[in-house]
Amino acid sequence: MTVLVTGGAGYIGSHMVLALAEAGESVVVIDNLSTGFSAFLPEGVPLFIGDAGDENLVEGVIEQHSVDSIIHFAGSVVVPDSMRDPLGYYRNNTFTTRNLLNAAVKSGINRFIFSSTAAVYGNPDQVPVPETAPTRPLSPYGFSKLMSEIMLHDVASAHGMKYAVLRYFNVAGADPQGRVGLATAGATHLLKIAVEAATGQRAKIDVFGTDYPTPDGSCIRDFIHVSDLAEAHRAALSYLRGSGDSVTLNCGYGRGYSVLETIEAVRRISGRNFAVQYAARRPGDIMTMVADTGRLRALFDWTPRYEDLDTIATHALAWEEKLLRERGGLAEQAQSA
Ligand code: UDP
């Protein structure tokens, strides 16, 4: 039996495919390569280049490869882009998921793991945030994912499918062996920007907001290593293959680091003293986002291996250096510490 991974050539999906292949699972990928890279796939994993919402394609792949479980990553993930192009997000995320689910139902798939986001919570009333917190997204991105969650819930009730919705907090880092990582151009994520600064690709990093009522005035985030996140999906698969009921779970470590602490970790592990500039708050930012991970840890057989900010930053930096070497040599380094 085979696992279909949509978006398997992307940042998180490629870590998932590696984890599944290493565990001896049969895997097949659908990816339209809009942000993914076919070179990220290990040898022997079939790639179908196309849209996860193309029902004919999906049904054909399911039949041809005896797919019995789907892990759905394909979608758009940039919050500000979703503000500018809401309909594009409802197409790529909500509509695509609707069609994928339709193909899954027609093909009798009964296990579905969905890549969701902490953005469904909006501004939380309490932190750490439990899964029972109200869902009040602040962006079309968050709504597009929440609408997919709701569809999945309804489909499961109507058709007997079992699902795991995993709501990611701040995904970061790269494969510890350096095979895959975040290579999408124009990424805006804090750790990515920080390692770009540490490798001299940026003159400085801006800290968006230093006047929040937090210990050091900057925002607080719960970073989860992308390889640990992939393992959480493998745990979800085992759980659903066993007697587990459908479930919605936060994926983080339950520990927050401030933006300033995160930048400091990159400075420390890189030994490079790049410039840090205090800037105005970024509109739409939530002050503190930390997961309540009690249910994840209780329900899944999941033991994170990289639950440490320095390790996450080290892997992110190593990957960034590899990308630079592959692009023809390290750019001029930031000023030495
Ligand atoms: N951030 C920052 N400078 C940057 C990028 C991000 O200060 O160059 C801050 C951002 O304002 C937020 C935190 O880092 O408080 C995490 O932002 P990111 O975009 O990585 O993820 P988000 O939590 O918004 O999904």
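Residues numbered from 1 in each chain as written. Predicted model: local features only at pLDDT ≥ 70, side-chain atom pairs only at ≥ 80, totals over all residues. Heavy atoms only, no water.

Engineer: Teacher, can you tell me more about helix 4 (residues 86-106) here?
Structural biologist: Here helix 4 spans 29 Å end to end across 21 residues, near enough to the 30 Å set by a 1.5 Å rise per residue. For helix 4, the full list of buried residues reads Gly88, Tyr89, Asn93, Thr94, Thr96, Thr97, Asn99, Leu100, Leu101, Ala103 and Ala104. The elements touched by buried residues of helix 4 are strand 1 (2-6), helix 2 (55-65), strand 4 (67-72), helix 3 (79-84), strand 5 (111-117) and helix 5 (140-159). Immediately downstream of helix 4, the backbone of Gly108 shows phi near 75°, a positive value. (Helix = DSSP H or I, 4+ residues; strand = E, 2+ residues; numbered from the N terminus. Expected span 1.5 Å × (residues − 1). Buried < 20%, exposed > 50% of the residue type's maximum accessible area, 1.4 Å probe, protein only. Contact = heavy atoms within 4.5 Å.)

Engineer: Looking at this model, I keep getting lost on the nonpolar core. Mind explaining?
Structural biologist: Soluble globular proteins tend to bury their nonpolar side chains together. By size, the foremost hydrophobic cluster in this structure holds 63 residues, and its most contacted members are Val5 and Phe300. It is helix 7 (residues 226-241) that provides the largest number of residues to this core, a total of nine residues. Those residues in contact with Phe300, other than ones at most four positions away along the chain, are Leu166, Ala232, Ala235, Ala236, Tyr239, Val247, Leu249 and Arg295. Ranked by size, the runner-up nonpolar core spans 21 residues in total, among them Leu4, Val28, Ile62 and Val165. (Core = buried A, V, L, I, M, F, W, Y, C linked by side-chain atoms within 4.5 Å.)

Engineer: Please explain the side chain of Thr94 as it appears in this structure.
Structural biologist: In this structure, Thr94 sits in helix 4. Judged by relative accessible area, which is 9%, Thr94 ranks as buried. When near neighbours in sequence (up to four residues on either side) are disregarded, Thr94 contacts Tyr89, Ser144, Met147, Ser148 and Met151.

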